[in-house]
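Here are the chains, one letter per residue:
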Amino acid sequence: MVRSVPQYRGDDFYCDVAIPDPGSLDVVHEDELVLAFHHTRPFWTNHIVIVPKRHIASLTTVSAADEHVVRRLLEVVQSIAADTERTTGAAAVLTNLGEYQDSKHLHVHVHSGPRR
């Protein structure tokens, strides 16, 4: 169930809204390093976003100090992608960079189904 989240106008939805208040989201997974939830404005029928709880700007800014966080992020992405593929027959995994990245916080989309 996707909950209604007020229109956000900042540049890091994850640090500003999602991570401090996961109760406002439809959470799929949460641990000490990673949060995964159904996208608040889904582009696809099935659309989950996975983010590290520690701010990392993007895939291209990951450093050696981020290794344990990124490893955990990828484990969660792999698990959610496998579940999505098993239940829907297909899954895509996507991250955006630069101008394509609306929220300036590393995040990975796992999606399937037609665009909404």
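Since we're looking at a predicted model, the values are computed, not measured.

Visitor: I would appreciate a short explanation of the overall build of the protein chain in the present structure.
Guide: When you go through the protein chain residue by residue, the secondary structure sums to two helices and five strands. Helices (α) and strands (β) of the protein chain occur, in sequence order from the N terminus, as α-β-β-β-α-β-β. For 116 residues, the compact-globule estimate of 2.2 N^0.38 gives 13 Å, and the C-alpha radius of gyration of the protein chain, at 13 Å, lies within 12% of that figure. Expressed as lengths along the three principal axes of its C-alpha atoms, the size of the protein chain is roughly 35 × 30 × 30 Å. Each of the 116 residues in the protein chain was classed as buried or not, and the buried ones make up 40%. If you take every contact in the protein chain between residues at least 6 apart in sequence, the share linking residues at least 24 apart comes to 53%. Entry remark: accessible area of the protein chain is about 6700 Å², with carbon and sulfur atoms responsible for 52%. Distance between charge centres in the protein chain, computed from 11 positive and 15 negative side chains, equals 5 Å.

Visitor: Can you help me understand the pairing of strand β1 (residues 27-30) in this one?
Guide: The two faces of the sheet receive side chains in turn, since in a regular strand these alternate between them. Pairing geometry for β1 and strand β2 (residues 34-38), over three bridges, is antiparallel. Within β2, the residue paired with V27 across the bridge is F37. If you look at the hairpin formed by β1 and β2, you'll find three residues sitting between the two strands.

Visitor: Looking at this model, I keep getting lost on the nonpolar core. Mind explaining?
Guide: A general tendency of soluble globular proteins is for nonpolar side chains to be buried together. Of all hydrophobic cores here, the largest spans 15 residues; its most connected members are A36, I50, L73, V76, V77, I80 and V110. Secondary-structure elements contributing two or more residues to this core are β2, β3 (44-52), α2 (67-88) and β5 (108-115). Among the elements that take part in this core, α2 stands out by supplying seven residues, more than any other. Dropping the residues within four chain positions of it, V110 is found in contact with N46, H47, I48, I50, V77, I80, A81, T84, A92 and V93. Counting ten residues, the second largest nonpolar core, distinct from the first, contains F13, L25, L35 and V49.

Visitor: Before we go on, may I ask you to explain the packing of aromatic side chains in this structure?
Guide: For the coordinates displayed, the defined rule picks out three aromatic pairs. Ring geometry for F13 against Y14: centres 5.6 Å apart, planes inclined by 85 degrees, an arrangement best described as edge-to-face. Take F13 and Y14: they sit in the same class, and that class is buried. An angle of 85 degrees between the planes, with centres 5.9 Å apart, marks the rings of F43 and W44 as edge-to-face. Members of the aromatic cluster, connected to one another through ring pairs, are F13, Y14 and F37.

Calculation rules
Residues numbered from 1 in each chain as written. Predicted model: local features only at pLDDT ≥ 70, side-chain atom pairs only at ≥ 80, totals over all residues. Heavy atoms only, no water. Helix = DSSP H or I, 4+ residues; strand = E, 2+ residues; numbered from the N terminus. Rg over C-alpha atoms; globule rule 2.2 N^0.38 Å. Buried < 20%, exposed > 50% of the residue type's maximum accessible area, 1.4 Å probe, protein only. Contact = heavy atoms within 4.5 Å. Areas by Shrake-Rupley, 256 points an atom, 1.4 Å probe, with all protein chains shown as cover. Lys, Arg positive; Asp, Glu negative; His and termini not counted. Charge placed at Lys NZ, Arg CZ, Asp CG, Glu CD. Pairing = 2+ DSSP bridges. Core = buried A, V, L, I, M, F, W, Y, C linked by side-chain atoms within 4.5 Å. Phe/Tyr/Trp six-rings, centres within 6.5 Å; stacked < 30°, edge-to-face > 60°.

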